[in-house]
Each structure stands twice: as structure tokens, then as C-alpha cells.
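# A look at the structure
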Amino acid sequence: MNQHAKIETEAARAKVHIRHSTCPHDCPSACALDIEVIDGQTIGRVRGSKLQSYTAGVICAKVARYAERTHHPERLTHPMFRVGPKGSGKFARISWDDALDEIAGRFNTAEREFGAESVWPYYYAGTMGLVMRDGINRLAHVKKYSRFYSTICSTIARVGFAAGTGKIAGVDPREMGVSDLVVIWGTNPVHTQVNVMTHAMRARKERGARIAAVDVYNNDTMKQADIKILLKPGTDGAFACGVMHVLFRDGYADRAYMDKYTDCPDELEAHLKTRTPEWASAISGVPVEEIESFARLVGQTKRTYFRLGYGFTRSRNGATQMHAALCIPSVTGAWQYEGGGAFFNNYALWKFDESIIEGHDAIDSRTRRLDQSKIGRILTGDPAALHDGPPVKAMLIQNTNPMTVAPEQALVRRGFARKDLFVAVHEQFMTETAQMADVVLPATMFMEHDDLYYGGGHQHISVGAKLIEPPGECRSNHQVLQGLATRLKISHPGFEMSPRELIDATLKKSGHGGIAQLEADLWRDLQPDFRTSHYLDGFAHKDGKFHFKADWTSVPLGNAGMMGAWDQMPSLPDHWAAIEEADDAHPFRLATSPSRSFLNTSFNETPSSQAREGAPSVMIHPDDAAKLGIEDGDAVTLGNLRGETSLTAKYFDGVRRGVLIAESVHPNKSHIGGRGINMLTGAEAVAPFGGAAFHDNKVWIKKADADAIPTP
């Protein structure tokens with residue numbers, strides 16, 4: 001009997017209470033959950049709550065099966081100390097006191113010998129709860145350890161959106177349900193944000209609305225769309241310009257709207273004169289007639305909703321591409337209408353004051369900020385990545401698995417293999433990063449601690465309360481930080497407070513009342529009124545205008561300084577050829593798109609997700625494969641100057657010729673030879689504020705030589 005079936009059987013004869021929470025994973029949906037708690041001890045079924053209007057009772061299959069993760073027999077349940085070589089997986093059980101003493105002692109040794117900046121607390125979004133995700137910054141700030149610059153996810157796309165609107169907020173995403181045309185661009189919500197499809201499908205059912213999908217392969221979202229626009233990776237800007245050329249040429253541009261709400265419509269029109277559908281087609285691969293037809297449809301449909309996704313944030317020219325796509329509804333004036341306009345993320349709505357959680361009062365701006373994406377370069381001693389400072393000698397890692405998910409895996413592996421690097425990993429499972437640790441600490445899951453959540457893809461905030469006790473000796477992130485603070489002899493109010501007290505104080509400092517009020521609301525809706533959401537009283541720039549002309553040096557978004565080729569970025573919408581173009585030695589472009597049953601490396605360990613995803617594979621157009629003598633199901637090797645990986649070829653005609661798609665981040669050990677897909681991805685800082693271009697890689701592909709594939 002599988003674990004899920006066993007729990008269902010037990011639930012049938014046990015006392016079941018329905019409790020409420022929020023999905024904590026790195027997903028904009030932040031789904032509202034109704035959770036069966038059985039006899040106060042175990043988790044049963046997990047359903048989407050109908051009480052919250054965005055989730056609307058629907059959640060993804062992997063979270064619906066969350067009991068598989070919570071009660072997984074391979075969960076870490078006690079602290080361990082490495083007793084074999086790094087990466088050997090040989091650990092011995094130790095007490096929490098001994099584990100925390102060891103970590104604090106090693107941190108102090110590193111600080112004494114190399115300075116406080118030689119310690120780097122490293123984290124990310126394994127949980128999106130503010131207390132458990134961001135509290136590690138308080139440790140860094142108080143101790144003056146190296147600070148953390150977050151670049152691995154949304155940085156690139158956020159800049160492009162804010163360059164146009166002046167802030168990261170858009171039209172209520174529930175308005176997709178009253179749209180006449182929903183354009184899903186640069187995201188595959190069937191895999192990654194199922195609720196987008198809930199509201200888009202509602203519009204189709206109730207209004208006869210059409211759904212258009214713009215993406216680089218015929219994914220599961222595109223298969224459900226009425227209009228399918230298949231691009232070459234990194235060419236969205238060219239397609240957007242071709243569309244806007246037609247809008248101006250054929251009289252679909254709303255000149256009255258642009259005169260009132262935008263900065264330079266005449267200059268944009270003149271600029272687009274040469275950006276014809278023929279020009280756009282030559283770059284993007286989209287046939288001219290499809291560009292013309294899409295432009296006419298958008299121009300004729302006032303209630304067009306542009307749901308722009310995180311695909312933009314995976315390309316070297318992603319900020320300019322996001323901005324170009326965002327310009328379209330400002331040309332048509334779609335922002336004026338219910339069900340019209342654009343949305344990417346609601347970051348600007350929350351206004352959470354995390355000063356106590358993160359210890360803002362202890363920040364020393366002179367302390368270096370190390371780029372999350374450049375962990376491989378940092379751990380292998382690259383002076384530029386280290387800001388010419390001391391080497392990193394000790395780390396605490398929470399909520400992330402860089403040995404699998406970080407770019408430039410060859411460097412990451414070398415870095416973690418260093419004998420002089422001390423690493424403590426606080427985790428739920430023995431990930432590939434945990435296997436490289438000196439000390440491994442068992443972590444709670446979201447139903448086993450209290451936290452505060454927001455929905456990047458919608459407008460709700462919520463408290464996720466502790467529902468059950470954790471297994472074994474698992475402790476929360478906050479408890480670990482408290483234990484280290486005691487041993488490091490540091491003080492800050494945040495270390496003295498419980499998670500509930502931190503939540504209460506944060507809500508009050510943010511103007512959201514206290515924890516009791518938010519718990520009574522379950523999920524509080526912060527969506528502004530219609531005029532504000534649609535920018536009808538002006539956009540968020542100082543001049544109140546939507547900016548067709550981007551000033552990349554003054555985008556209102558926190559950053560660590562200008563990066564990459566920011567001075568070469570086009571100000572008006574355009575195709576910026578900053579992508580990693582294919583060449584004779586690397587004739588293919590590779591995108592590493594999200595899968596349906598994994599979320600980065602979360603759910604890699606659950607049997608149902610493993611069964612659905614199978615072994616790592618790469619999609620290749622049959623004509624490309626035939627030219628190379630590759631058969632469907634052959635073992636193939638992909639490579640570039642960064643490294644190589646081997647996996648299985650899968651024939652797929654839903655891509656443009658010369659494009660490869662490898663879905664998901666499978667464990668390295670699942671790949672033939674043990675080298676994962678991020679051997680091929682780069683960590684070069686993307687303009688203008690940094691970021692990692694995971695879907696922007698030139699590669700070669702060939703049939704794998706079994707004798708040449710190394711064993712892990």
C-alpha cells in the first residue's frame with residue numbers, strides 16, 4: 001500500500017479536522033489550502049480552499065499529495081556529522097547541542113582567521129514564509145557576515161516590468177475571468193501556476209474568450225490555447241515589436257489613451273516603422289501571417305489581459321523583452337477596461353516591514369553582498385565574485401539546494417569539495433547539497449511551524465499556523481538561528497521572539513493589524529480599487545506616465561548596482577541581441593523549462609512525482625535528430641564550454657528547429673553519468689541588475705559515447 005492510500009485508510013477511522021494554511025513553495029500562486037489533520041498528528045488530503053477567491057478550490061497535483069512529503073520515510077529527523085569524505089554520504093548521529101556548538105565554533109574560527117565576511121549564510125525560497133526564509137539575514141546582519149544578493153529567480157523580469165509601470169503590480173489576476181482574450185506569455189501555468197488556467201478557462205466558458213499562449217515550445221499550456229505563438233528563445237522583443245508595428249500601421253493604436261498615459265508614443269511609432277512583421281519573423285521564427293493575425297486580434301479585443309511570466313527572467317535580454325511585451329497593452333489602451341491590461345507579480349502590494357525579521361537596524365552597508373547565482377565562482381575563489389575580499393570559509397544553508405539548482409555546476413562542485421570549506425545544511429531530505437555538508441540539521445515543513453505568507457501571483461496575505469508536531473528532532477529555521485545566536489553571543493530582539501511574535505510585530509509595523517486579525521480573516525485580500533490597479537490615475541513613475549522609453553539606470557527597484565552590459569540596453573522596445581546565440585560549434589539553443597511534478601528540486605523525492613517525470617530527457621525536433629543520426633530514446637550528451645550532461649533524447653516537433661528543451665531540474669544522480677542540466681547554464685550577471693539566464697544556453701548535442709560517460 002502506498003503512503004497516500006495508507007493515510008486515506010487511517011483517515012477513514014480517525015478523527016479528522018479541516019485546518020487552513022497556505023502553500024509555502026516557490027510559486028506565485030501561494031495557494032490557499034484546506035488540510036485534513038488526522039487525530040492531531042498526521043496529514044491527510046490537501047485541497048485548494050474555495051474560501052479564497054484566487055485559489056478557488058484548485059491546487060496542483062503535487063501539493064494535493066503533500067502527505068507524501070510530510071510523512072516520507074526518508075525525511076531527516078536528527079542532526080548528523082560527516083564521518084567520511086565529502087560527498088560520501090557517511091554521517092553519524094549527534095545531538096543538537098553538539099551540532100550547534102560545532103557550527104558556532106567553526107564560524108568563530110573562520111571569523112578569527114579571515115574576518116567576519118568569510119562566513120556566508122546562504123538561502124532561498126524552499127519556503128516563501130517570511131520568518132523562516134528571511135530570518136537568516138538577521139544572523140548575517142548582526143554578525144557582519146557576507147550579505148546575500150538574491151538573483152536566481154525574478155530579478156530580470158521585475159526590472160522590465162517596473163521600467164514600464166513604475167512598480168511591480170498590475171491588474172487583479174481574477175480579472176482574467178472577465179477578459180475576452182487572455183494572453184499567457186512566457187509562462188506555462190499548467191505546470192507552474194495552475195490557478196492562472198482556472199481563471200482563463202472561466203473566461204472561455206462564460207464569455208467565449210480566447211486564450212493565446214506565447215512560448216518557446218508546445219507545452220501543456222499551449223496545447224490548451226486557441227492561439228499558439230511558437231518563438232525561438234530570446235526573441236520575444238522582436239515578436240512584440242512586430243505586433244506593435246501592425247497596431248500602429250492598421251489603426252489599432254489608441255492614440256487618445258497614449259497621449260494621456262504614456263511618455264513618447266510618436267517616438268515609439270517612428271521607431272517601429274522598420275520593425276515590420278517580416279523583420280520580426282526573421283528573428284523570432286514566427287510566420288508573418290501569425291504576427292499579423294495576433295496583432296489584429298489584440299487590436300480588435302479591448303479586454304485583452306496579458307499574463308506575463310517568469311520565462312522572461314531566464315534570458316540575458318529578459319528585462320528588455322518583458323518591457324517590450326508590456327508595452328503592447330499601453331499601445332492598445334487595454335488598461336482602461338475590466339479584464340484588460342497586464343500582470344506579472346504583485347510585489348508592490350505587500351509593503352511588509354521585515355526590519356525585525358531581518359535585523360535591518362544591524363545592517364552595515366560596507367559589508368559585501370555576494371551574488372547567489374555566482375556561488376560556484378565564489379567558492380572557487382574568483383576575486384571579482386568575492387569583491388576582492390576574503391575567501392568564503394564557512395556557510396549555513398537553508399531552503400535551497402545549490403549543488404543541483406545553481407548555474408555553473410562544474411564550479412559549484414569544485415567549490416563544495418574544498419576541504420577547507422565548512423558547510424552546515426539545514427534540510428528536510430538528504431539533498432545533493434546536504435551530502436556535501438559537514439553538519440546536517442533536520443528541518444520542519446510548513447505545517448510544523450508558524451509563518452507569514454503573501455501571494456506573488458495574487459493579492460492575499462495569510463498566516464500559516466503550525467498544525468502538527470514535526471517528526472523526530474526536526475527544528476524550524478528560526479529555532480536554529482536562535483540556537484546559533486546564543487552560542488555566538490549575539491543579541492537582537494528578533495532572536496528573542498517566537499515565530500508568532502515576529503509575525504505579529506511585522507504585521508503591526510506594516511500597517512496590517514496583528515496576527516489575531518489576520519488569522520480571523522484567513523486570507524486577506526489587499527487588491528487596490530479598479531482605478532489604482534489599472535493605473536487610471538496615472539502610472540507609478542514621477543511623471544505619471546507609462547514609459548515606452550525605459551531608463552534602465554533609474555528603475556525603482558532595489559539592486560546592488562548596475563551589472564552586465566546595461567549601457568547597451570535599448571531604451572525603446574526592440575530585439576536586443578544579447579542572448580547566447582548558436583554558432584558552428586554550438587548549433588542549438590537550450591531552455592531548461594519547469595516540469596509539472598517537480599518544483600526546482602522540491603518533490604524530487606516523492607514517489608508520485610518521480611513516477612510522472614521519469615528519467616531526465618531532452619526534447620529535440622525529429623528533423624534535427626535525423627540529421628545527427630539520433631533515434632528517439634537514444635542516450636545523448638549535451639555540452640558547451642561550461643560542461644556536459646547526458647540524458648535521453650525525446651522526439652518532439654513542438655519546437656523550432658535548432659531549439660532543445662530539457663524540462664525540470666532532476667537530481668544530478670538521475671542523469672547518465674551523474675552530471676545534471678545546470679552543468680550547461682551560466683552565472684554571468686544579466687543587465688541591468690543581475691540575474692541568471694537559465695534558459696539562454698548554446699550547446700552541441702551528439703549520441704552519447706557510453707565509454708566516455710564518467711560515473712558520479
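Let us look at the structure shown here. Computed from a prediction, not measured in an experiment: that's the story for all the values here. (Residues numbered from 1 in each chain as written. Predicted model: local features only at pLDDT ≥ 70, side-chain atom pairs only at ≥ 80, totals over all residues. Heavy atoms only, no water.)

### A word on the overall build of the protein chain
Tallying secondary structure elements over the protein chain gives 27 helices and 25 strands in all. On C-alpha atoms alone, the protein chain measures out to a radius of gyration of 25 Å, which is about the 27 Å that the 2.2 N^0.38 rule sets for 712 residues. With the C-alpha coordinates of the protein chain rotated into their principal frame, the extents come out at 75 × 65 × 60 Å. Buried residues in the protein chain amount to 64% of all 712 residues. In the protein chain, 76% of the contacts between residues at least 6 apart in sequence involve partners at least 24 apart. Of the roughly 25100 Å² of accessible surface on the protein chain, a fraction of 48% belongs to carbon and sulfur atoms. (Helix = DSSP H or I, 4+ residues; strand = E, 2+ residues; numbered from the N terminus. Rg over C-alpha atoms; globule rule 2.2 N^0.38 Å. Buried < 20%, exposed > 50% of the residue type's maximum accessible area, 1.4 Å probe, protein only. Contact = heavy atoms within 4.5 Å. Areas by Shrake-Rupley, 256 points an atom, 1.4 Å probe, with all protein chains shown as cover.)

### With respect to the pairing of strand S6 (residues 119-123)
Counting buried residues in S6 gives five out of five residues, a clear majority hidden from the surface. What you see with S6 is no split at all: Val 119, Pro 121 and Tyr 123 on one side and Trp 120 and Tyr 122 on the other are buried throughout. Of the pairings in the sheet, the one linking S6 to strand S14 (residues 394-398) comprises five bridges and is parallel in character. Residue Trp 120 lies in a different strand from S14, and its bridge partner there is Met 395. (Pairing = 2+ DSSP bridges.)

### Overview of the pattern of salt bridges
Opposite charge on two side chains lets them pair, provided their charged atoms get close. Within this structure, the stated rule accounts for 47 salt bridges. Between Arg 174 and Asp 172 there is a salt bridge whose closest N-O contact spans 2.9 Å. Its relative accessible area of 17% is what places Arg 174 among the buried residues. With a shortest N-O distance of 4.0 Å, Asp 623 and Arg 657 are connected by a salt bridge. Within this pair, whereas Asp 623 is found in helix H27 (residues 622-628), its partner Arg 657 is found in the loop between strand S23 (643-651) and strand S24 (659-661), the two being separated by 34 residues in sequence. Judged by relative accessible area, which is 42%, Asp 623 ranks as partly exposed. Residue Arg 657 is classed as partly exposed on the basis of its relative accessible area, which comes to 43%. Overlapping salt bridges, with partners in common, bring together Arg 316, Arg 377, Glu 408, Glu 580, Arg 589, Arg 642, Glu 684 and Asp 696 in one network. (Salt bridge = Lys/Arg side-chain N within 4 Å of Asp/Glu carboxyl O.)

### Considerations on the packing of aromatic side chains
Throughout the structure, instances matching the rule amount to 22 aromatic pairs. With 4.9 Å between their ring centres and 85 degrees between their planes, Trp 120 and Tyr 122 make a pair best called edge-to-face. Residue Trp 120 is classed as buried on the basis of its relative accessible area of 0%. The exposure class assigned to Tyr 122 is buried, which follows from its relative accessible area of 1%. Taken together, a centroid distance of 5.3 Å and an interplanar angle of 85 degrees make the contact between Tyr 122 and Phe 148 edge-to-face. Placement of the pair is Tyr 122 in strand S6 and Phe 148 in strand S7 (residues 147-149), with a sequence separation of 26 residues. (Phe/Tyr/Trp six-rings, centres within 6.5 Å; stacked < 30°, edge-to-face > 60°.)

### Looking at empty space enclosed by the protein
Under the counting rule described, the total for this entry stands at three cavities of 30 Å³ or more. Residue lining of the largest cavity: Lys 167, Ala 169, Gly 170, Asn 346, Leu 349, Gln 527, Pro 528, Thr 532, Ser 533 and Tyr 535, and that is the complete set. (1 Å grid on protein atoms, 1.4 Å probe; cavity = no way out; pocket = protein on both sides within 12 Å on 5 of 7 lines; lining within 4 Å. Points joined across faces, edges and corners; volume = space filled by probe spheres on them.)

### Topic: the nonpolar core
Trp 185, Phe 239 and Phe 416 are the most contacted members of the largest nonpolar core, which has 171 residues in total. Apart from residues no more than four positions distant in its own chain, Phe 416 is found in contact with Lys 86, Ile 375, Leu 379, Ile 397, Pro 402, Met 403, Leu 421, Val 423, Thr 433 and Met 436. The next biggest cluster of nonpolar side chains, apart from the first, holds 22 residues, and it includes Ile 43, Ile 59, Val 63 and Leu 599. (Core = buried A, V, L, I, M, F, W, Y, C linked by side-chain atoms within 4.5 Å.)

### Quick notes on the pairing of strand S20 (residues 588-591)
Looking along a regular strand, one sees side chains alternate from face to face of the sheet. Neither face of S20 is left uncovered, since the one carrying Phe 588 and Leu 590 and the one carrying Arg 589 and Ala 591 both have all their residues buried. Across three bridges, S20 lies against S24 in parallel orientation. Bridging from a neighbouring strand, Leu 590 pairs with Leu 660 of S24.

### Focus: the layout of surface pockets
As a volume, the second largest pocket reaches approximately 290 Å³. Listing elements by their share of the lining of the second largest pocket, those giving two or more residues are helix H26 (607-613) and strand S21 (617-620). Of the residues belonging to the lining of the second largest pocket, the class tally is five nonpolar, five polar and seven charged. (Nonpolar A, V, L, I, M, F, W, Y, C, P; charged D, E, K, R; others polar.)

### Overview of helix H10 (residues 236-249)
With 14 residues, H10 ought to run about 20 Å at 1.5 Å a step, and its terminal C-alpha atoms sit 20 Å apart, in line with that. Of all 14 residues making up H10, 13 are buried, and the element is well covered by its neighbours. Of the residues trailing H10, Gly 251 is marked for its positive phi of about 85 degrees. (Expected span 1.5 Å × (residues − 1).)

### Regarding the sheet that holds strand S9 (residues 210-215)
Strands pair in a sheet through their backbones, by hydrogen bonds, and they do so in one of two ways: parallel or antiparallel. Spatially, five strands are ordered S10-S9-S8-S11-S12 in an open sheet, and the strand pairing comes out parallel. Edge positions in the sheet fall to strand S10 (227-230) and strand S12 (341-343), since each has one partner strand and no second. On average, each strand axis in the sheet is tilted by 15 degrees relative to the strand beside it, whichever way the strands run. As defined by bridge partners, S9 adjoins S10 across four bridges and the pair is classed as parallel. Bridge assignment links Ala 212 to a residue of S10, and that residue is Ile 227. (Axes fitted to C-alpha atoms, helices over the stretch in contact; angles between N-to-C directions.)

### With respect to the side chain of Ser 330
Structurally, Ser 330 can be placed in helix H15 (residues 318-332). When sequence neighbours within four positions are dropped, the list of residues in contact with Ser 330 reads Tyr 257, Met 258, Thr 262, Trp 335, Phe 546 and Phe 548.

### Notes on the sheet that holds strand S3 (residues 42-48)
Read from one edge to the other, the open sheet built from three strands follows the order S1-S2-S3, with strand pairing classed as antiparallel. Unpaired on one side and paired on the other, strand S1 (16-22) and S3 mark the two borders of the sheet. Taken over all neighbouring pairs, the strand axes of this sheet differ in orientation by 30 degrees on average, direction set aside. As paired strands, strand S2 (residues 32-38) and S3 are joined by five bridges and run antiparallel to one another.

### A short note on the environment of Leu 349
As for its position among the elements, Leu 349 is in helix H16 (residues 347-350). Leu 349 sits 290 residues away from Gly 639 along the chain, and the two C-alpha atoms are 42 Å apart. Look past the residues within four positions of Leu 349 in its chain and what remains in contact with it is Gln 459, Leu 526, Gln 527 and Pro 528.

From the geometry alone we can't say anything about function, so treat these as descriptive.
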